[in-house]
Amino acid sequence: MTHAPTCRRFLGIALLCAFPRFAGAVDLVVTTNTSLPAGSYSYGSVLVKTGVTLTLAADTALGTGTTIDATTVTIEAGGAISADGQGYTAGLGTGAGSAGTYRIGGGGGGHAGRGGSGTGINGSAASGGFYGAPEAPTTLGSGGGSNSGYLGGKGGGAITLRVTGALTVDGALSANGTAGVGVANDYAAGGGSGGSIAIEAGSVLGSGTIRANGGAGASFPYAQGGAGGGGRITVVGTIGAGIKLQAFGATGDSPGGAGTIVTRVVAADPGAWRVDNNGTVGPTPSLPGAVAASTFRVAGGASLLLSAAITADDLEVSSATAQFDGAVDVGEFRALSGTVVTHGAGLAGLLLTTTGSAFIDASSRLDVDAKGPTTSGGAGAAGAYRIGSGGGSNGGRAGRGTGINGNTSNAATQETPESMLAGGPSGANGSIAASRGGGVVMLTIAGTLTLDGVIESNGASGSSIPNDYATGGGAGGAIFIEAGSVVGTGFIRANGGAGGEAPYAQGGGGAGGRVLVDVGGTVGVTLAAQGGSATAQHGGAGTVLIRRPGYADGILLVRNGNLAGAETDLPASASVFDSVSIQAAGKLRMPPATPLTIRDELLVDTAAQLVANGAVSAGWIALRSSALVSHEAGIAALQMTSATFFEVGPTARLDVTGRGATTGSGVGPAGGYRVGAGGGGYGGTGGGGAGLNGASAGGVSHDALAAPLAAGAAGGSASSGAVGLGGGRLDLVAGTVFTLNGDLIADG
């Protein structure tokens, strides 16, 4: 109903008719505390005097509040237009908090922000959820949960002001929820949630406050009511610098979540969005639909879940937590002051694109640890009674699980260094669920990424049940960064989780993940993708691939944090890189007959290994600090070619012991009953076998002295027992200088 007041005084309201602004509309001067019933009203100017409150009621049966149309509205200092507590009463409304019981507080009411849970020494009560429209708020706040006759707080009402001129607020424009009540020490009700305020004005001026805050929950030693969540505010019009906008969840033992504030100069603007909880960490509100904003701010301890896409000219998260489950497409991005940005578990990833730059300060992080799916490729082998489960795999193989009853297998490396997959989960074991792998981060930054904090996608560590069950660690996930340059003092990590430990069962370490950085300039941060530690077996290293100008095929880093664990497999097709560094106990394995071409340097260093099952060619080769290069049985030769220098440093070695031929020339003759088999022959004839029943000849000498091209032959077989294998073949070429200070070993 639209009310057109006549020129008379009622309920303490002075109506002045001398200067009507339009036909049927009169000025309204409020000089005494009073209320207007729910409905719609049209005035010329509205003035609320100092020390006076004009209460705007709501109709909870219809779920509607009060609307005022006017040419100007002025609230003097100390005055207020209020819909505090005019929303749904205790336990009612879409976001009503659940009732409490003896020594369990009632839940807080929710609206834009979720209410806080009721708590107490006997358990907890559920809070109210979120609802309403951030850009057109008209919904009433919900009541908090009551507790054994002690009433929950009421929700805030709904205020709509449509002002053709100036809205001047030097006092308060308010739609707060009210506090819950209780009694010491055992009963406490939850607070009501903030309501809605929608403003359209030519300008919003003054030094006052516009607020839709949640109400506090009652709090006693044995029962604590949940606080009410924040409400919703929208403003269309020019806002003066002195105006304060608040949609906070209430503080307390179980705080409420932040509400939403959207401001626009004109209705067609995308709007400046703000989710701010005034420094209090509360539950996570959700924005279920896509968001288009000019600026978007999450701040003050707020937690936000955005399930759909967001586009904005500027996105800043400061002292807050944000979960983006849809694509994020913005101009500039900043994570500041202890911020955490993530994505939901098992979802596609944190997908962030900027047309400008991105900045993550030293106290903030993009964190998708343990956000991989519970079932996927790379899942570790399940454990059993007194056998730990295997870790998950991704960039490397998983560590196997062990125990006094046996071992599990290793989950294989997933795909290629360019594959951006979530980390595989560990195997489950008994009643222990699998450990999740890391999630996925995909950053496309047109300008500079300044990283002083952390971007991480680590796998979860395994767990155990004494004394017989343990799970492996989840694998590291995937981090892709395309940027003009990456600078700063921060870290990028996609490490595997540690294996769980029990006295009779040990889980395997999760494998390292994948990191791919493609930049137009420099990379100045620390990069890691190592396997997780485990008593059973450490996870294999993941891969870090860096592309920058002049290195289009990439710089491949395989480093395992000095954990000698499982292998890291290259794909089963020819691989080409600009540079390859295998360090810190990393173990890179080439599939059989699959060549590896390196345009620049191959470095194997610090107890690292290269299993060269195919031909290796590089610009130059350096093996240092306990490096080992070998190949698996059944491979014809270890073939390595350097276009220039080939260096084998002290304590480094190329070792093909026992990798020789099992058939062909030189294999020792078989033995028999009480007749020993002959030894294998190559450069010389093998020794003959002997025994009580006779003798056998040794394998024959073969191949050419000047051009040895064969491997050492195996000894002869006997009725049982393995044969002694011959030494393998080293085929090494240096284009300029071969420097040998380590060892070349081809023993049988």
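Please refer to the structure placed before this passage.
Note that the coordinates shown come from a computational prediction; the quantities given were computed from them, not determined experimentally.

> Give me the overall build of the chain: which residues, what numbers.
Secondary structure assignment for the chain yields zero helices and 64 strands. Rg of the C-alpha trace for the chain: 36 Å, well past the compact-globule value of 27 Å for 748 residues, more than 25% over. Going through the 748 residues of the chain one by one, you find that 54% of them count as buried. Of the contacts made within the chain by residues no fewer than 6 positions apart, 60% connect residues no fewer than 24 positions apart. Carbon and sulfur atoms provide 54% of the accessible area of the chain, an area that totals close to 26500 Å². Across the chain, the centroid of the 34 positively charged side chains sits 6 Å from that of the 43 negatively charged ones.

> How would you summarise the packing of aromatic side chains if you had to cite specific residues and measurements?
Under the definition given, this model contains six aromatic pairs. Look at Tyr41 and Tyr43: their rings are 6.3 Å apart centre to centre, the planes differ by 5 degrees, and that puts the pair in the stacked class. On the basis of relative accessible area, Tyr41 is assigned to the buried category, the value being 4%. Consider the rings of Tyr102 and Tyr187, whose centres lie 5.9 Å apart with planes at 55 degrees: the pair is tilted. Taken together, the residues Tyr102 in the loop between β10 (80–82) and β11 (118–120) and Tyr187 in strand β16 (residues 187–188) connect sequence positions 85 residues apart. Using a relative accessible area of 23% as the deciding quantity, one classes Tyr187 as partly exposed. One aromatic cluster is present, built from ring pairs that chain together Tyr102, Tyr150 and Tyr187.

> A description of the sheet that holds strand β12 (residues 123–125) should follow, citing residues and the corresponding values.
Here four strands make up an open sheet; going across it, the order is β12-β11-β20-β19 and the pairing antiparallel. What marks the edges here is a single partner per strand, and that holds for β12 and β19 (219–220). Bridge count for β11 against β12 is three bridges, and the pairing is antiparallel. Paired with Gly120 across the two strands is Gly123, which belongs to β12.

> Lay out the pattern of salt bridges with the relevant residues and their values.
Pairing between side chains becomes possible if they bear opposite charge and their charged atoms approach one another. Across all of its chains, the model carries 23 salt bridges by this definition. With its nearest N and O atoms 3.1 Å apart, the salt bridge here joins Asp731 to Arg729. On the basis of relative accessibility, which here comes to 24%, the residue Asp731 falls in the partly exposed class. Arg729 sits in the buried class, given a relative accessible area of 18%. In this structure, a network of salt bridges that share partners links the residues Arg397, Glu567, Asp569, Lys587, Arg589 and Glu632.

> Could you give me a rundown of empty space enclosed by the protein, with the residues and numbers involved?
As enumerated under the stated definition, the model contains one cavity of 30 Å³ or more in all. In this model, the largest cavity occupies a volume close to 40 Å³. Leu315, Phe324, Val328, Phe333, Val341, Leu350, Leu352 and Leu366 together form the lining of the largest cavity. Those elements that provide at least two residues to the lining of the largest cavity are β30 (328–336) and β32 (350–354).

> Report on unusual backbone geometry, specifying residues and quantitative values.
Cis geometry marks the peptide bond from Ala184 to Asn185, where omega comes out at -5 degrees. Look at the link from Pro466 to Asn467: it is a cis peptide, with omega at -5 degrees. Following the sequence through the fold, Asn467 ends up in the loop between β39 (464–465) and β40 (469–470). Even without glycine at this site, Ser319 takes up a positive phi of about 55 degrees. Counting through the fold element by element, Ser319 comes out in the loop between β28 (310–318) and β29 (321–324). Non-glycine residue Ser625 carries a positive phi angle of around 50 degrees. Relative to the elements of secondary structure, Ser625 occurs in the loop between β55 (616–623) and β56 (628–630).

> Would you mind going over the nonpolar core in detail, with residue names and values included?
By size, the foremost hydrophobic cluster in this structure holds 52 residues, and its most contacted members are Phe296, Phe333, Leu449 and Ile455. Per element, the largest residue contribution to this core is five residues, and it comes from strand β37 (residues 440–451). Those residues within four positions of Leu449 in sequence are excluded, and the remaining contacts are Ala358, Ile360, Leu443, Ile455, Ile481, Ala483, Ser485, Val486 and Val487. Membership of the second largest hydrophobic core comes to 35 residues, among which are Leu516, Val580, Val604 and Leu638.

What counts and how
- One numbering rule holds for all chains: residues counted from 1, following each sequence as written.
- Two thresholds apply to this predicted model, a pLDDT of at least 70 for residue-level local features and 80 or more for giving and counting side-chain atom pairs, whereas whole-chain, interface and lining totals are computed over all residues.
- Note that water and hydrogens are dropped before the side-chain values are worked out from all heavy atoms of the structure.
- Numbering of helices and strands runs from the N terminus, with a helix taken as a DSSP run of H or I at least four residues long and a strand as a DSSP run of E at least two residues long.
- Radius of gyration means the value over C-alpha atoms here, while the globule rule gives 2.2 Å times the residue count to the 0.38 power.
- Here's how the labels work: a residue is buried when its accessible area is under 20% of the maximum for its type, exposed when over 50%, partly exposed in between, all with a 1.4 Å probe on protein chains only.
- Contacts are assigned to residue pairs that have any heavy atoms within 4.5 Å of one another.
- The method behind every accessible area is Shrake-Rupley, applied with a 1.4 Å probe, and residues are considered shielded solely by the protein chains displayed.
- Neither His nor the chain ends contribute to the count of charged residues, in which Lys and Arg are positive and Asp and Glu negative.
- Where a charge lies is defined by one atom per residue type, namely NZ (Lys), CZ (Arg), CG (Asp) and CD (Glu).
- Planes of paired rings set the category: under 30 degrees apart is stacked, over 60 is edge-to-face and the rest tilted, where pairs are Phe, Tyr or Trp rings (Trp by its six-membered ring) whose centres lie within 6.5 Å.
- The pairing criterion for strands is at least two bridges between them, as found by DSSP.
- The term salt bridge refers to a side-chain nitrogen of Lys or Arg lying within 4 Å of a carboxyl oxygen of Asp or Glu.
- Cavity means a closed set of points on a 1 Å grid over the protein atoms alone, one where a 1.4 Å probe fits but cannot get out, pocket means an open set with protein on both sides within 12 Å along at least 5 of 7 lines, and lining means a residue has an atom within 4 Å of a point.
- Grid points are joined across faces, edges and corners, and a volume is the space filled by probe spheres set on the points.
- Put simply, a nonpolar core is a bunch of buried Ala, Val, Leu, Ile, Met, Phe, Trp, Tyr and Cys residues held in one set by side-chain atoms that sit within 4.5 Å of each other.

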